[in-house]
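Take a look at the letters that make up each chain.
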Amino acid sequence: MNASDPASAAAPEDGLPAVAPQLRALRRRAGLTLEAAARAAGLSAAHLSRLETGHRQPSLPMLLALARIYGTTVSELLGETVADRDAIVRAADMEPTRAGGWTYLQAGAPGRGMQALRVRVPYGSQGDIVRVHPGEEWLYVLTGHLRLRLGDTAHLLGPGDSAHFDSLTPHRLAAEDHDGVELLFVHTLLQSPTATLCLGPLTGELP
């Protein structure tokens, strides 16, 4: 968006003045100049300045990018306050969610910047699904063997092995053993349903 764009001179939209100062305050808290933050987010300094003055409304991808750069959450960028949450999650309180044959158990408090799950992957389920989505993933194999493909490279992980990668890298996960595989799984994608978080958009087969 050029400075000559008429939209750049528009008056602040309703509701944005409360967001704009928060964007500026969190950038300053992170110790970033306007130019450095804009460059890291793939924006022009002028565009980020308009976001911080309330003359432009940030899109969700912009908020996700800025939250990651500032080391915070989208909720904090929006100035939302989060109720106190228990730090401890008891095994008896982990409600299973099933999607696509996989079973997910929430292993962390909801609404935080990271989502922690215990995941059970049966043999022969979703092994052909390619996942590509914003955020980072960390996984740790508890039992069984996991076939993990990152881009064009395949990896076989056994108990005690882990992987940490940018989830914009096309990736596929499949159980290598007929008994399946169980994982600990942490993701930084914010405020996503479990099924969307883990399944990701279907983009077809990798070459």
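Residues numbered from 1 in each chain as written. Predicted model: local features only at pLDDT ≥ 70, side-chain atom pairs only at ≥ 80, totals over all residues. Heavy atoms only, no water.

1. Some points on the sheet that holds strand E5 (residues 146-150)
Here 3 strands make up an open sheet; going across it, the order is E6-E5-E8 and the pairing antiparallel. Sheet topology places strand E6 (153-157) and strand E8 (171-175) at the edges, where each strand pairs with a single neighbour. Taking each pair of neighbouring strands and ignoring which way they run, the sheet shows an average axis angle of 20°. In this structure, E5 lies alongside E8, joined through 5 bridges in antiparallel fashion. (Pairing = 2+ DSSP bridges. Helix = DSSP H or I, 4+ residues; strand = E, 2+ residues; numbered from the N terminus. Axes fitted to C-alpha atoms, helices over the stretch in contact; angles between N-to-C directions.)

2. Here we look at the sheet that holds strand E1 (residues 96-99)
Here 6 strands make up an open sheet; going across it, the order is E1-E2-E3-E9-E4-E7 and the pairing antiparallel. Of all the strands in the sheet, just E1 and strand E7 (162-166) have a single pairing partner and so form its edges. Across the sheet, the axes of successive neighbouring strands diverge by a mean angle of 25°, strand direction being ignored. Here E1 pairs with strand E2 (residues 102-106) via 4 bridges, running antiparallel. For Pro96, the partnering residue across the bridge sits in E2 and is Leu105.

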